[in-house]
Amino acid sequence: MLYDLRNSDLRVRWLVTLLLATFGASYLFGAWMVGLYAGYSPRKVAETYGPAGEEPMMMQMPPETTMVSERPISMAEMSEEHHHVDLDLLVQDTHVHMPMYAVIAACLSVIALGLTIPRWASFATIALLFAAPWLDFAGMWLTKLVSPHFAIVTLAGGWAMALGYTIVAALATYQMWWRKQ
Amino acid sequence: MKALLLGAAGAALLHITPTVILVKRQDAVARLLPGAEQFSARELHLSSTDSRRLHDAVGWEPPDGIVTFYVGKRQAQTTGALVFMRVDCQHGPLELAIGYDPRGTIRGVEVTKATVEMKPWVVEALRAGLTDSYRGITTEQAPAGAEKVKSQIGAMPGYMAELIDKGVMHANAAYRLFYK
């Protein structure tokens, strides 16, 4: 253990508590946003990140000749936002989000280093915290480039992120404020 | 700790600001396809050859190989077509709606979305009359709205105007080459 959160200065515990609370609030809004724009089922995620079109699960390669389809659509449907992340947007998303995810994983890892847990558990927690964003974006890219079935990897990344945060937040809060020596 | 704080500040600076709606899609449709009572979505899944044609024409192709035109009709007569076009830059995406009349000339252009950071620049360019210059041009003509308003606006609004020109140029090429 590099430092001991349980016996750390009150200011450090206050900082960690506020940081965790802020991350927690942003994660809740993140979950809400995922629900609004991508969804929680593999199909919804595949529709968001996979190839565009009416049948994204079927059509991945460009057709040999340009295909035109026309269907009636209502004004409401036309105005509806179909949030679809194409290749250019995914490049931009990866570029801007990966550094932020790394910083969040690093902050939570620094907190994990101060927890009274076995060394292997500390390694595992840090690995989980960093694996989550990698899984998240690997899933998006694999869904885009290989198969929509990889949407499940993105979902696994999201749940791993929630799990990592919950483990660190629960243990840190308990050890800082209840199980003090 | 110092490195961590610098990293966090850097990541925050890199983050693209959220998207804001400048014109609701519904309002853009009403303005660009006036009088239309029925609508249809014409989806073009471009072949690699056609994607390349588009790329050779304007240096752009739809990232997922699909262009969707929304066609407006009134009593079985086509009143026009509309396409939503996204233009990306390092400040985030812009979304345009480009409307065509039945002859294939531009009826109007609306900027439907921008980011929080880009909004004031876009609004300044629009106030200078940027989109007026697109009205009535054919799909063969190069949009030159930026050139017309640049002397009245700042550098960043000028840059936004160039991006809007580019989006209109992409839409024109897609319409000219594939809309039938």
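In what follows, the structure referred to is the one given above.
Only a predicted model underlies this, so the values are computations on that prediction, with no experimental measurement involved. (Residues numbered from 1 in each chain as written. Chains lettered and ligands numbered in written order. Predicted model: local features only at pLDDT ≥ 70, side-chain atom pairs only at ≥ 80, totals over all residues. Heavy atoms only, no water.)

## Some thoughts on the overall build of chain B
Rules: For helices the rule is a DSSP run of H or I covering at least 4 residues; for strands it is a run of E covering at least 2, with both sets numbered from the N terminus onward. Three labels apply to residues, based on accessible area from a 1.4 Å probe with only protein chains included: buried if under 20% of the type maximum, exposed if over 50%, partly exposed otherwise in between. The contact rule is simple, with two residues in contact once any of their heavy atoms fall within 4.5 Å. Methods summary: accessible areas were calculated by the Shrake-Rupley approach with a probe of 1.4 Å, and residue burial reflects only the protein chains presented.
A tally of regular secondary structure across chain B gives six helices and six strands. In sequence order, chain B lays out its α and β elements as α-β-α-β-α-β-β-β-β-α-α-α. Relative to its 180 residues, chain B shows a buried fraction of 54%. In chain B, 63% of the contacts between residues at least 6 apart in sequence involve partners at least 24 apart. Carbon and sulfur atoms make up 53% of the accessible area of chain B, which totals about 8,300 Å².

## Quick look at the pattern of salt bridges
Convention followed: Any Lys or Arg side-chain nitrogen located within 4 Å of an Asp or Glu carboxyl oxygen qualifies as a salt bridge.
Applying the stated rule across the entire model yields 13 salt bridges over all chains. Measuring nitrogen to oxygen at the nearest pair gives 3.3 Å for the salt bridge that ties D4(A) to R6(A). Exposure remark for R6(A): the relative accessible area of 5% places this residue in the buried category. Taking the shortest distance from any N to any O, the salt bridge between E70(A) and R42(B) comes out at 2.7 Å. Within this pair, whereas E70(A) is found in strand β1 (residues 67–73), its partner R42(B) is found in strand β2 (residues 38–45), the two belonging to separate chains. Salt bridges here are not isolated pairs; linked through shared partners, they connect R25(B), E95(B) and K113(B).

## Focus on the packing of helix α4 (residues 119–127) of chain B against helix α6 (residues 155–178) of chain B
Residue and element names in this part refer to chain B. Here is the rule: Simply put, an axis is a line fit to the C-alpha atoms, just over the touching stretch for a helix, and the angle between two N-to-C directions goes from 0 to 180 degrees. When an angle is under 35 degrees it counts as roughly parallel; over 145 it counts as roughly antiparallel; between 65 and 115 it counts as roughly perpendicular; any other value is oblique. Residue polarity is assigned by list, with Asp, Glu, Lys and Arg as charged and Ala, Val, Leu, Ile, Met, Phe, Trp, Tyr, Cys and Pro as nonpolar; anything else, Gly included, falls into the polar class.
Axis separation between α4 and α6 bottoms out at 8 Å; the angle between their running directions is 75°. In terms of axis orientation, α4 runs roughly perpendicular to α6. Counted together, W121, V122, E124 and A125 of α4 and M156, P157, M160, A161 and I164 of α6 form the full contact between these two elements. Split by residue class, the contact of α4 with α6 holds eight nonpolar, no polar and one charged.

## Quick look at the side chain of R6(A)
Which entries qualify depends on this criterion: Within 3.5 Å is the distance limit for a polar contact, defined as a pair of N or O atoms, with the added protein rule that one can donate a hydrogen and the other accept it, and that residues adjacent in sequence qualify only through two side-chain atoms.
Inspection of the secondary structure puts R6(A) in the segment before α1 (10–37). A polar contact of 2.9 Å, which involves the side chain of R6(A), links it to the side chain of T116(A).

## Some points on the interface of chain A and chain B
To keep things clear, this is the line we draw: Buried area: the sum, over both parts, of the accessible surface (1.4 Å probe) that disappears when the two are put together.
Chain A puts 39 residues into the contact, and the matching count from chain B is 36 residues. At the boundary of chain A with chain B, total buried surface from both sides reaches about 3,200 Å², with 60% on carbon and sulfur atoms. The largest share of the area that chain A buries against chain B comes from T66(A), E70(A) and M78(A), three residues that together contribute 19% of it. Taken together, the links from chain A to chain B amount to one salt bridge. For the interface between chain A and chain B, the tally reads nine residue pairs in polar contact (both at pLDDT 80 or more). Mapped by element, the contributors of at least two residues to the side of chain A that touches chain B are β1, α3 (75–79) and α4 (87–113) of chain A.

## Observations regarding a nonpolar patch on the surface
Spelled out, the test is: In this analysis, a patch consists of residues with relative accessible area above 30% that form no salt bridge, clustered at 9 Å for like charges and at 5 Å for the nonpolar side chains Val, Leu, Ile, Met, Phe, Trp and Tyr.
A grouping of L28(A), F29(A), W32(A), M33(A), L36(A) and Y37(A) is seen on the molecular surface, where their side chains present a nonpolar patch of about 760 Å² in accessible area. With respect to the helices, strands and loops of the structure, M33(A) is situated in helix α1.

## Re unusual backbone geometry
With the exception of glycine, the majority of residues adopt a negative phi angle, and the majority of peptide bonds are in the trans configuration. Residues and elements named next belong to chain B. Unusually for a residue other than glycine, Q75 sits at a positive phi of about 50°. Take Q75: it is sitting in the loop between β3 (66–74) and β4 (77–89). Here the phi dihedral of A76 falls at roughly 65°; this positive angle occurs in a residue that is not glycine. Within the fold, A76 resides in the loop between β3 and β4.

## Regarding the nonpolar core
Which entries qualify depends on this criterion: Here, nonpolar core refers to any group of buried Ala, Val, Leu, Ile, Met, Phe, Trp, Tyr and Cys residues whose side-chain atoms link them within 4.5 Å.
Ranked by internal contacts, the top residues of the largest apolar core, which has 44 residues, are L94(B), I98(B) and I164(B). When contributions to this core are tallied by element, the ones reaching two or more residues are α3 (48–58), β3, β4, β5 (92–100), β6 (106–115), α4, α5 (145–149) and α6 of chain B. Broken down by element, the residue count for this core peaks at eleven residues, all from α6(B). Each residue touching L94(B), except ones within four places of it in the same chain, is listed here: M85(B), R86(B), V87(B), V111(B), K113(B), A114(B), M118(B), V122(B), M160(B), L163(B) and I164(B). Among the nonpolar cores identified, the runner-up in size contains 18 residues, and V16(A), L20(A), L115(A) and M176(A) belong to it.

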